[in-house]
Amino acid sequence: MKNLKILTLFLVLFATTATTAQTFTGVVTFDIDFEFEKDFSIANRVNYLTQYGEQALMFYMPTGDTARKYLDANGDPTMYQLYSQKAGELLFVDANGEDIWDRLDTTGNSLELLNFKEVESEVLADLESSCYEYYSKDIKSGEEVLVYFCASENAPKLDYRLLNNHVEYYLADFYKMTERPYLKYQLVTDNFTMTFTATKIEEMGVQEMLRLLGLSVD
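Residues numbered from 1 in each chain as written. Predicted model: local features only at pLDDT ≥ 70, side-chain atom pairs only at ≥ 80, totals over all residues. Heavy atoms only, no water.

## Looking at the overall build of the chain
Then comes step 1: Scanning the chain from N- to C-terminus turns up 4 helices and 11 strands.
Then comes step 2: Counting over 218 residues, the chain shows a buried share of 49%.
Then comes step 3: Of the contacts made within the chain by residues no fewer than 6 positions apart, 56% connect residues no fewer than 24 positions apart. (Helix = DSSP H or I, 4+ residues; strand = E, 2+ residues; numbered from the N terminus. Buried < 20%, exposed > 50% of the residue type's maximum accessible area, 1.4 Å probe, protein only. Contact = heavy atoms within 4.5 Å.)

## Details of the packing of aromatic side chains
Then comes step 1: Considering all chains together, one arrives at 28 aromatic pairs under this definition.
Then comes step 2: Relative to Tyr-185, the ring of Tyr-182 lies with its centre 6.2 Å away and its plane at 50°, an arrangement referred to as tilted. We note that Tyr-182, like Tyr-185, is buried. (Phe/Tyr/Trp six-rings, centres within 6.5 Å; stacked < 30°, edge-to-face > 60°.)

## What to know about the environment of Tyr-52
Then comes step 1: Turning to its location among the elements, Tyr-52 is positioned in helix α2 (residues 42-52).
Then comes step 2: Residue Tyr-52 is classed as buried on the basis of its relative accessible area, which comes to 12%.

## Side note on the state of the cysteines
Where two cysteines share a covalent bond between their sulfur atoms, that bond is called a disulfide.
Then comes step 1: Under the criterion given, the structure shown has 1 disulfide.
Then comes step 2: Across the disulfide, Cys-131 is cross-linked to Cys-150 (sulfur-sulfur distance 2.1 Å). The sign of the 110° torsion about the S-S bond sets the Cys-131-Cys-150 disulfide as right-handed. Of this pair, Cys-131 sits in strand β8 (residues 127-138) while Cys-150 sits in strand β9 (residues 144-151); the two residues are 19 residues apart in sequence, bridging distant segments of the chain. (Disulfide = S-S within 2.5 Å.)

## Comments concerning the pattern of salt bridges
If charged atoms from side chains of opposite charge come close, those side chains can pair.
Then comes step 1: Tallying each qualifying case throughout the model produces 6 salt bridges.
Then comes step 2: Glu-112 is the partner of Lys-137 in a salt bridge, and the nearest nitrogen-oxygen pair spans 3.8 Å. Of this pair, Lys-137 sits in strand β8 while Glu-112 sits in strand β7 (residues 111-124), and the two are 25 residues apart along the sequence.
Then comes step 3: Notably, a salt bridge pairs Glu-179 with Lys-157, separated by 3.4 Å at the nearest N-O pair. Of the two residues, Glu-179 sits in the loop between α3 (171-178) and β10 (184-188) while Lys-157 sits in the loop between β9 and α3, which places them 22 residues apart along the sequence.
Then comes step 4: Overall, Glu-179 belongs to the partly exposed group, its relative accessible area being 24%. (Salt bridge = Lys/Arg side-chain N within 4 Å of Asp/Glu carboxyl O.)

## Describing a negative patch on the surface
Then comes step 1: Taken together, the side chains of Asp-31, Asp-33, Glu-35, Glu-37, Asp-39, Glu-54, Glu-144 and Asp-190 define an acidic patch exposed on the protein surface.
Then comes step 2: It is strand β1 (residues 26-36) that contributes the most residues to the negative patch, 3 residues altogether. (Patch = residues over 30% accessible without salt bridge, like charges linked within 9 Å, V, L, I, M, F, W, Y side chains within 5 Å. Areas by Shrake-Rupley, 256 points an atom, 1.4 Å probe, with all protein chains shown as cover. Lys, Arg positive; Asp, Glu negative; His and termini not counted. Charge placed at Lys NZ, Arg CZ, Asp CG, Glu CD.)

Keep in mind these numbers describe shape, not what the thing actually does.
What follows is the structure, given as structure tokens:
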């Protein structure tokens, strides 16, 4: 095995952990868009745009672990986010896959739910999708936050039990309710709106996903 980076080691663990679960294994491709409030500083805008890029690939492993690879306009990585179901943790890894620059405990939710409702459906990745709004308040700051998710019953089915440690931002709740990967994610805060819109969903084997991530595992 070459280039024993943090990213490589983490994803090899994904690929070699035994599981008998029947669940969606594959990749969802997203376009990423930002809208910023006028008072949000230029420096912060540049930071978000640089980190998140213009596209994301969301990899669902058969263990329930996930990886997001963010790409800039040239298709080069800007960062990775690696979710470990067993640890209940999300790691933020640099574009080279070498350094963890942040980590998030996903077993609790930093948001307090104020209201939940189903909203207007959308067509995403050519699939009719149901959409839901979580109107919330940040527990620490008191800031009002809107979280939107959409999913299609025509998409491949997920075993939500494999993702039940991602409580943060209602993901575990959403997966349990829909039993599907999300095809749209939108976060609305006082400073910005960030939107992930799916353009493609593909079922894929683990080795093929690793190659798409730019890794070679023998």
